[in-house]
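As a plain string of letters, each chain reads:
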2 protein chains.
Amino acid sequence: MNRNQLVKQIQEKRSFLCVGLDTDLTKIPNHLKNHPNAIVAFNKAIIDATKDHCVSYKINTAFYEAMGLKGWAAMEETVQYIPDTHLKIADAKRGDIGNTSSQYAKAFFETLPFDAITVAPYMGEDSIRPFLEYEHKWTIVLGLTSNKGAADFELQSTGNQLLYQKVLQTVAQWGNPNNLMFVVGATQATELAIIRQIIPDHFLLVPGVGFQGGSLEEVSKYGLNQQCGLLVNASRAIIYASSGENFATEAKEIAQQYQTEMGQYLPM
Amino acid sequence: MNRNQLVKQIQEKRSFLCVGLDTDLTKIPNHLKNHPNAIVAFNKAIIDATKDHCVSYKINTAFYEAMGLKGWAAMEETVQYIPDTHLKIADAKRGDIGNTSSQYAKAFFETLPFDAITVAPYMGEDSIRPFLEYEHKWTIVLGLTSNKGAADFELQSTGNQLLYQKVLQTVAQWGNPNNLMFVVGATQATELAIIRQIIPDHFLLVPGVGFQGGSLEEVSKYGLNQQCGLLVNASRAIIYASSGENFATEAKEIAQQYQTEMGQYLPM
């Protein structure tokens, strides 16, 4: 999926919502737990219920890997079910030396039909380049994350800028706003003004709204650009909105609330 | 596997070799390529041939994920085949917010029987803690890697020390030499003297000997401590020593050469 297609989706739906499929067998509704393919059944119901209100789905690979082979199969079946109109993100936080990153890129961009993958920047340029070589695919590099541990290294000073700022500035030179995005946590909304000075045009993937305490209004105020430039992710707040048989209806309801609020903030 | 068991293995074999199973279907011998379970057949032959000369195996998850579901199954079968006398490392470079890292820890320490996993430090303490909570398991955090991209962030200055030095010093406080190791690339051998000042007691996992150009003698000179404290990994140099039907015999030969050289350097 290219940038024009993504922006068009956002304009048509008046939504920049990404729904996070961090699906955990212990947290899905009881009536589904004995389903022979419970995770996929749950995900399909969530996708059906929310697809008119979001423009992207984000699959958190950890939750699938924790279930072993069956989990990997569930991830495969889920990503294949996501409509092609939606940006399919593998939230995988991969990254290794060049010849290994090439294998990760192959895993998520060829073997699996993801449009985008999250990547950790610590190992530098050759760990990120192999992902950028794919046309119409997106590399989403960790900038400033939403967790407490962001203070340990990301917010440390490296001369005249903080580490995460150096990461944004340096990595931005390896790609362009058509193949590169950055992860910026919603709990760090006040940093968004600074971030927009460094990377005015890139899309930002923003987790941490909802359960992690980030404010959609704040994020929109400081993060939106002329082409939207934001994908705001909500996972638990939507997919676990209800633990009853009405889980999909409730998920739809919350996704719609996000969409309505997002429509008010969109500049276009 | 605990530290005493690992040190005992090293003493008995007079080897601190880790064999890296970065197995790639395009690189295995031709006569195996049509085998119905080629990757596993190749890995089992390599393990049988090298197990007397090494103390650890490292499975590079990227190469298995690139093959999709079949690859994940091959990884599962391979790790189950590694003898319990050997430290089983998942070279996975994972790391995410706490509740997600918990899922990765479950994936590799419970669902799969790995003893150790490599983890990226960028996201800080809560991204690493969940791995450290497992008894007799090892968390191997990226310090200074062997690739060119190490210069981009790892070797950047953060006040009075380089970023990778800050990572070593900070992360060392979250665990101890019985549950924590660090990745230090062999191509950076001259940095090992400085690294040993910061973390004198920890085991270091050292990739980059062989194809990436690192020297075993240099690494041993600056990296060994009283309990060895090193696991030196070789992947391509061993597993692709020959592309003929004699690949396992040749792999054994190279592994044995490493073992002999390591025996000369060991202080104990």
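Here, the structure is the one placed above.
Residues numbered from 1 in each chain as written. Chains lettered and ligands numbered in written order. Predicted model: local features only at pLDDT ≥ 70, side-chain atom pairs only at ≥ 80, totals over all residues. Heavy atoms only, no water.

Caption draft 1: Local environment of the nonpolar core. Ranked by internal contacts, the top residues of the largest apolar core, which has 202 residues, are A:Phe16, A:Phe108, B:Phe16 and B:Phe108. Among the elements that make up this core, the one with the highest residue count is helix 2 (residues 38–50) of chain B (eight residues). For A:Phe16, the residues in contact, after removing those within four places along its chain, are A:Ile10, A:Val55, A:Leu216, A:Ser220, A:Leu224, A:Cys228, A:Leu230, A:Leu231, A:Val232, A:Met262 and A:Leu266. (Core = buried A, V, L, I, M, F, W, Y, C linked by side-chain atoms within 4.5 Å. Buried < 20%, exposed > 50% of the residue type's maximum accessible area, 1.4 Å probe, protein only. Helix = DSSP H or I, 4+ residues; strand = E, 2+ residues; numbered from the N terminus. Contact = heavy atoms within 4.5 Å.)

Caption draft 2: Fine view of the environment of A:Ala193. All names here are of chain A. Relative to the elements of secondary structure, alanine 193 occurs in helix 8 (residues 192–198). Owing to a relative accessible area of 32%, alanine 193 belongs among the partly exposed residues under this scheme. Put simply, alanine 193 and alanine 92 are 101 residues apart on the chain and 27 Å apart in space, counted from C-alpha to C-alpha.

Caption draft 3: Just the packing of aromatic side chains, in detail. Taken as a whole, this structure holds 13 aromatic pairs over all chains when the rule is applied. When the centroid spacing of 5.9 Å and the interplanar angle of 55 degrees are considered together, the rings of A:Phe108 and A:Phe114 count as tilted. The pair formed by A:Phe108 and A:Phe114 is uniform in burial state, with each residue classed as buried. Here the aromatic residues A:Trp72, A:Phe108, A:Phe114, B:Trp72, B:Phe108 and B:Phe114 are joined through ring pairs into a cluster of three or more. (Phe/Tyr/Trp six-rings, centres within 6.5 Å; stacked < 30°, edge-to-face > 60°.)

Caption draft 4: Representation of the packing of helix 5 (residues 98–111) of chain A against helix 6 (residues 125–132) of chain A. All names here are of chain A. Interhelical geometry of helix 5 versus helix 6 gives an angle of 30 degrees and a closest axis separation of 8 Å. Between helix 5 and helix 6, the angle falls in the class roughly parallel. Crossing angle aside, the handedness with which helix 5 passes helix 6 is right-handed. Contacts from Gly98, Ser101, Ser102, Tyr104, Ala105 and Phe109 in helix 5 reach Asp126, Ser127, Pro130 and Phe131 in helix 6. Grouping the constituent residues of the contact of helix 5 with helix 6 by class yields five nonpolar, four polar and one charged. (Axes fitted to C-alpha atoms, helices over the stretch in contact; angles between N-to-C directions. Parallel < 35°, antiparallel > 145°, perpendicular 65-115°, else oblique. Left-handed = near helix turned anticlockwise from the far one by under 90°. Nonpolar A, V, L, I, M, F, W, Y, C, P; charged D, E, K, R; others polar.)

Caption draft 5: Quick look at the interface of chain A and chain B. Residue-level contacts link 58 residues of chain A with 58 residues of chain B. When the two sides are added together, the surface that chain A and chain B hide from each other amounts to roughly 4800 Å², 60% of it contributed by carbon and sulfur. Considering only the side of chain A, the residues that lose the most area to chain B are A:Leu69, A:Tyr122 and A:Phe153, jointly responsible for 19% of the buried surface there. Between the two partners, chain A and chain B, sit four salt bridges. At the junction of chain A with chain B, the criterion picks out 25 residue pairs in polar contact (both at pLDDT 80 or more). At eight residues, the largest contribution of residues to the side of chain A that touches chain B is made by helix 5 of chain A. Here the side of chain A that touches chain B is composed, by residue class, of 23 nonpolar, 20 polar and 15 charged. (Buried area = accessible area lost by both parts, 1.4 Å probe. Salt bridge = Lys/Arg side-chain N within 4 Å of Asp/Glu carboxyl O. Polar contact = N/O pair within 3.5 Å; in protein donor to acceptor, adjacent residues only side chain to side chain.)

Caption draft 6: Up close: the pairing of strand 4 (residues 116–119) of chain A. Residues and elements named next belong to chain A. Here strand 4 shows a buried face lined by Ala116 and Thr118 and a second buried face lined by Ile117 and Val119. As judged from the three bridges shared by strand 3 (residues 87–94) and strand 4, these two strands associate in the parallel manner. Residue pairing across strands places isoleucine 89 opposite alanine 116, the latter belonging to strand 4. As judged from the four bridges shared by strand 4 and strand 5 (residues 138–144), these two strands associate in the parallel manner. Looking at strand 5, one finds that valine 119 is bridged to valine 141. On the question of chirality, the crossover connecting strand 4 to the parallel strand 5 by way of helix 6 is right-handed. (Pairing = 2+ DSSP bridges. Right-handed = clockwise from strand over helix to strand, strands pointing away.)

All we've got here are geometric facts, nothing functional implied.
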